[in-house]
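Structural characterization, general
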Amino acid sequence: MKILVVGNGGREHAIVWKLKQSPSVTQVFCAPGNAGTGLDATNVDIKATDIPRLLKFAQAEKIDLTVVGPEVPLVAGIVDEFLKADMKIFGPTKKAAELEGSKTFAKELMKRANVPTAEFRVFTNAAEAISYIDEKEHTERFVVKADGLAAGKGVVVCSSKEEAREAIRRMLLKKEFGDASTRVVIEERLEGEEVSLLAFVDGKTILPLEAAQDHKAAFDGDTGPNTGGMGAYSPTPIITQDLIDLVVEKVLVPTVHQLKKEGRPFRGCLYAGLMLTNQGPKVLEFNVRMGDPETQAVLMRLKSDLGQLMLATAEGNLDSLESVEWDPRPSVCVVMASAGYPGDYEKGKPLRGLEEAAQVPDAKVFHAGTMKVGDQIVNDGGRVLGVTALGDNLAEAKLHAYQAVKCIRWDGAWCRKDISDKAAGR
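Residues numbered from 1 in each chain as written. Predicted model: local features only at pLDDT ≥ 70, side-chain atom pairs only at ≥ 80, totals over all residues. Heavy atoms only, no water.

Observations concerning the overall build of the protein chain
- Within the protein chain one finds 15 helices and 22 strands.
- By the compact-globule yardstick of 22 Å for 426 residues, the protein chain fits well, its C-alpha radius of gyration being 21 Å.
- Oriented by its inertia axes, the alpha-carbon framework of the protein chain measures out at about 60 × 45 × 40 Å.
- The proportion of buried residues among the 426 residues of the protein chain is 60%.
- Across the protein chain, the fraction of contacts at a sequence separation of at least 24, relative to all contacts at a separation of at least 6, is 68%. (Helix = DSSP H or I, 4+ residues; strand = E, 2+ residues; numbered from the N terminus. Rg over C-alpha atoms; globule rule 2.2 N^0.38 Å. Buried < 20%, exposed > 50% of the residue type's maximum accessible area, 1.4 Å probe, protein only. Contact = heavy atoms within 4.5 Å.)

Considerations on the nonpolar core
- Within the largest apolar cluster, 53 residues are counted, with the highest numbers of intra-cluster contacts made by Ile-78, Leu-99, Val-251 and Leu-252.
- Sort the elements by how many residues they give to this core and helix 10 (residues 241-261) lands first, with eight residues.
- Sequence-distant contacts of Leu-99, that is, excluding residues within four places in its chain, are made with Phe-105, Ala-106, Leu-109, Thr-255, Leu-259, Leu-270, Phe-286 and Val-288.
- Formed by 37 residues, the second largest nonpolar core is a distinct cluster that contains Met-1, Val-28, Leu-209 and Ala-312. (Core = buried A, V, L, I, M, F, W, Y, C linked by side-chain atoms within 4.5 Å.)

Considerations on the packing of helix 1 (residues 10-20) against helix 12 (residues 306-315)
- At a minimum axis separation of 8 Å, helix 1 and helix 12 run at an interaxial angle of 110°. Taken together, the axis directions place helix 1 and helix 12 in an arrangement best described as roughly perpendicular. The segment helix 1 lies against helix 12, with Ile-15, Lys-18 and Leu-19 engaging Leu-306, Gly-307 and Met-310.
- Of the residues in the contact of helix 1 with helix 12, the class split is four nonpolar, one polar and one charged. (Axes fitted to C-alpha atoms, helices over the stretch in contact; angles between N-to-C directions. Parallel < 35°, antiparallel > 145°, perpendicular 65-115°, else oblique. Nonpolar A, V, L, I, M, F, W, Y, C, P; charged D, E, K, R; others polar.)

Quick notes on the sheet that holds strand 19 (residues 363-367)
- Spatially, five strands are ordered 12-15-18-22-19 in an open sheet, and the strand pairing comes out antiparallel. Of all strands in the sheet, those bounded by a partner on one side alone are strand 12 (213-214) and strand 19.
- The sheet contacts of helix 14 (residues 394-407) involve strand 15 (231-234), strand 18 (331-337), strand 19 and strand 22 (383-390), and relative to strand 18 the element is tilted by about 30°. (Pairing = 2+ DSSP bridges.)

Describing a positive patch on the surface
- Taken together, the side chains of Arg-352, Lys-406, Arg-409 and Lys-417 present a region of like positive charge at the surface.
- Position of Lys-406 relative to the elements: it lies in helix 14.
- Since its relative accessible area comes to 63%, Lys-406 is described here as exposed. (Patch = residues over 30% accessible without salt bridge, like charges linked within 9 Å, V, L, I, M, F, W, Y side chains within 5 Å. Areas by Shrake-Rupley, 256 points an atom, 1.4 Å probe, with all protein chains shown as cover. Salt bridge = Lys/Arg side-chain N within 4 Å of Asp/Glu carboxyl O. Lys, Arg positive; Asp, Glu negative; His and termini not counted. Charge placed at Lys NZ, Arg CZ, Asp CG, Glu CD.)

Quick word on empty space enclosed by the protein
- On inspection of all chains with the given rule, the structure shows three cavities of 30 Å³ or more.
- Considering only enclosed or pocket space, the largest cavity measures out at about 60 Å³ in volume.
- Surrounding the largest cavity, 15 residues form its lining, Val-68, Phe-90, Cys-269, Arg-289 and Met-290 being those nearest its centre.
- Secondary structure elements with two or more residues in the lining of the largest cavity: helix 1, strand 4 (65-68) and strand 16 (268-277).
- Tallied by class, residues from the lining of the largest cavity come to ten nonpolar, three polar and two charged. (1 Å grid on protein atoms, 1.4 Å probe; cavity = no way out; pocket = protein on both sides within 12 Å on 5 of 7 lines; lining within 4 Å. Points joined across faces, edges and corners; volume = space filled by probe spheres on them.)

Encoded structure:
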């Protein structure tokens, strides 16, 4: 099979790397890719949002399967255009991708499907939203979410009413996230531990992947602003097989069934962000693609042929595959970021020590925000690298990951130092 991977982040590099190991895959292209995908595959200079050019390339190269990494082209309808042209593609249609494209749609669909989630209200008027906050007598804790896509930054977890009011003003009055924040969803703030469960869905069969836990907050101890994710580890002791079965039964099956019922059949990767509350797991959000950095941690442990898994998902044949094989060893992914992230940051700083990091046992450096300039690799984004490693136990996986991190330097590089520590106490 010849495969085209669409996107340029750490998730896409991990997908490219794993596909290259698939016995069924002969060639992998990545559009537009980054400095790392350029080492493991052939980069194609086409933006992930340029759907007509991506389709033209796939047809010209006789691509057997296109795999879409990021949410923006999915929400824009890339899958619909490829299917119209009779091209196989991994990912949901535009209608099904609205599950991530609109928080309002997702929350209302969960309500119709009886999927456990936080209580919520939707507002387009700032004064009405603030009035709703003020009237709540028994809580100071809220979550304010921009309705549309905001690159993982449109969610503000508030510990006081003033924080919630300020988040509402930023989104509805100052339009901080542009069109994405013309509507906001205000939720009760759930308490508990956050986990992610990814599953391949072919329209009728649901195949959960190994569980991972993301670290959304910027700084150690889960403090600071929300980011796209500062690291992940897999498996997670908190997610037992019983819990996976419960999430499939109470969350994934009813969601997939409701989408089908409403004429939006889902194929691709369905990602449930969950809070483990005292009342059981509740959905924080759905994504309609593989998570980042969870993908790096999860694919590090996959032993089965990813090409066959993705093709079966796209063709609706997941039930015909044998069981998926996983490396029993845990993995840890540490995100290295640019100075200033998740706010403003400078690009173009040369990276040093990548070759040394590659020598660390059981480690792989996945590139995210990088590009090649002449002979140098420079930072080109907020999250720059996802340094991922395996170990015989979680402590060893963490040790290997941070050994590789220590090899790498650029002006302003930083990372969290506590990725996977949540599991240590279990």
